[in-house]
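For reference, the chains in residue letters:
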Amino acid sequence: MTMLKRHCTLLSPTITAIFSILLFAEVANSAKTIDVSFPSFDNFVLEGTFYLPLDSSGADSPPAKNPGVVLIHGSGPQSRDANLNSQVGITFPFIIPAFVEIATELQQLGIAVLTYDKRSCGTFNNCHNNSYPIPMPEDFDSIDVFLSDAQAALEYLQSREEVDSSRIVPIGHSQAGSY
């Protein structure tokens, strides 16, 4: 058994899938991504990336609207890329941009995807290069704020003309999977 296979069997199914995508899938370089920003409940402006599916000719999506997914983080400061460097006590010799890998695969299946930086992730803690303010409000990492930011992301995705607002699904990782 190779070292990779041995480690993959120890990892959660989600991380194993990410390893498979990262190591074995051919990811097209023609992905269309758009940097976006949108307000949350308290007018805090969240920043993220919108992954727009391409049609088979490589042009922008046809007028038909795409289903959509919002990828929502777990606990702690996390960027729109959800960079992982370890899992279940195993440190990787590289970083896996989990949300980038998942979003790109979903995009290639014709699904529009929104990822965003949690408000606890910014230049102030070297988590991501965004324009989030310093200092953060006292309650910036409460569960209510976390859920309200996720709701704002869902509402933003619903507002995109490229997305069918009746076919949007939140996908939560870790803490977000429990709400």
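Residues numbered from 1 in each chain as written. Predicted model: local features only at pLDDT ≥ 70, side-chain atom pairs only at ≥ 80, totals over all residues. Heavy atoms only, no water.

**Points about the overall build of the protein chain**
The secondary structure content of the protein chain amounts to four helices and seven strands. Ordered by position from the N terminus, the helices and strands of the protein chain form the series α-α-β-β-β-β-β-α-β-α-β. In the protein chain, which comprises 179 residues, the share counted as buried stands at 42%. With the model as given, the accessible surface of the protein chain reaches about 9,600 Å², and the carbon-plus-sulfur share is 54%. (Helix = DSSP H or I, 4+ residues; strand = E, 2+ residues; numbered from the N terminus. Buried < 20%, exposed > 50% of the residue type's maximum accessible area, 1.4 Å probe, protein only. Areas by Shrake-Rupley, 256 points an atom, 1.4 Å probe, with all protein chains shown as cover.)

**Re helix α4 (residues 143-159)**
Given 3.6 residues per helical turn, the α-helix brings residues three or four places apart onto the same face. For α4, which comprises 17 residues, the first-to-last C-alpha distance of 24 Å matches the rise-based estimate of 24 Å (1.5 Å per residue) to within 8%. Along α4, the positions that sit buried rather than exposed are V145, F146, D149, A150, A152, A153, L154, Y156 and L157. On its buried face, α4 sits against β1 (32-39), β2 (45-52), β3 (66-72), β6 (112-116) and β7 (163-172). (Expected span 1.5 Å × (residues − 1). Contact = heavy atoms within 4.5 Å.)

**So, the state of the cysteines**
Taken as a whole and assessed by the stated rule, the structure comprises one disulfide. Note that C121 is cross-linked by a disulfide to C127, the S-S spacing being 2.0 Å. Between C121 and C127, the disulfide has an S-S torsion of -95 degrees and is therefore left-handed. Its relative accessible area of 24% is what places C127 among the partly exposed residues. (Disulfide = S-S within 2.5 Å.)

**Regarding the pattern of salt bridges**
As enumerated under the stated definition, the model contains seven salt bridges in all. Linking R119 and D42 is a salt bridge whose minimum nitrogen-to-oxygen distance equals 2.9 Å. You can see R119 sitting in the loop between β6 and α4 and its partner D42 sitting in the loop between β1 and β2, a full 77 residues away along the chain. The exposure class of R119 is buried, given its relative accessible area of 2%. Residue classification places D42 among the partly exposed residues on the basis of a relative accessible area of 34%. (Salt bridge = Lys/Arg side-chain N within 4 Å of Asp/Glu carboxyl O.)

**Here we look at the side chain of D149**
With respect to the element layout, D149 can be found in helix α4. By relative accessible area, which is 4% here, D149 ends up buried. With sequence-adjacent residues up to four places away left out, D149 is seen in contact with S40, F41, L46, Y116 and R119.

**Some details on helix α3 (residues 98-108)**
Within α3, eight of the eleven residues are buried, which leaves the element mostly enclosed by the surrounding structure. Along α3, the residues classified as buried are A98, F99, E101, I102, A103, T104, L106 and Q107. Downstream of α3 by one or two residues, G110 has phi in the positive range, about 90 degrees.

**Let's talk about the environment of S86**
In this fold, S86 is placed in strand β4 (residues 83-87). For S86, a relative accessible area of 31% corresponds to the partly exposed category. Sequence separation between S86 and I96 is ten residues; the distance between their C-alpha atoms is 8.9 Å.

**Comments concerning the nonpolar core**
In terms of nonpolar packing, the biggest core is built from 22 residues, with F38, F50, V70, I72, L114, Y116 and L157 touching the most fellow members. Only β1, β2, β3, β6, α4 and β7 provide two or more residues apiece to this core. It is α4 that contributes the most residues to this core, seven residues altogether. Excluding residues that lie within four positions of it along the chain, F38 makes contacts with F44, V45, L46, L114, Y116, A152, A153 and Y156. (Core = buried A, V, L, I, M, F, W, Y, C linked by side-chain atoms within 4.5 Å.)

**Thoughts on the side chain of S40**
Looking at the element boundaries, S40 is found in the loop between β1 and β2. Residue classification places S40 among the buried positions, given a relative accessible area of 6%. With near-sequence residues (within four places) excluded, S40 lies in contact with L46, R119, S148, D149 and A152.

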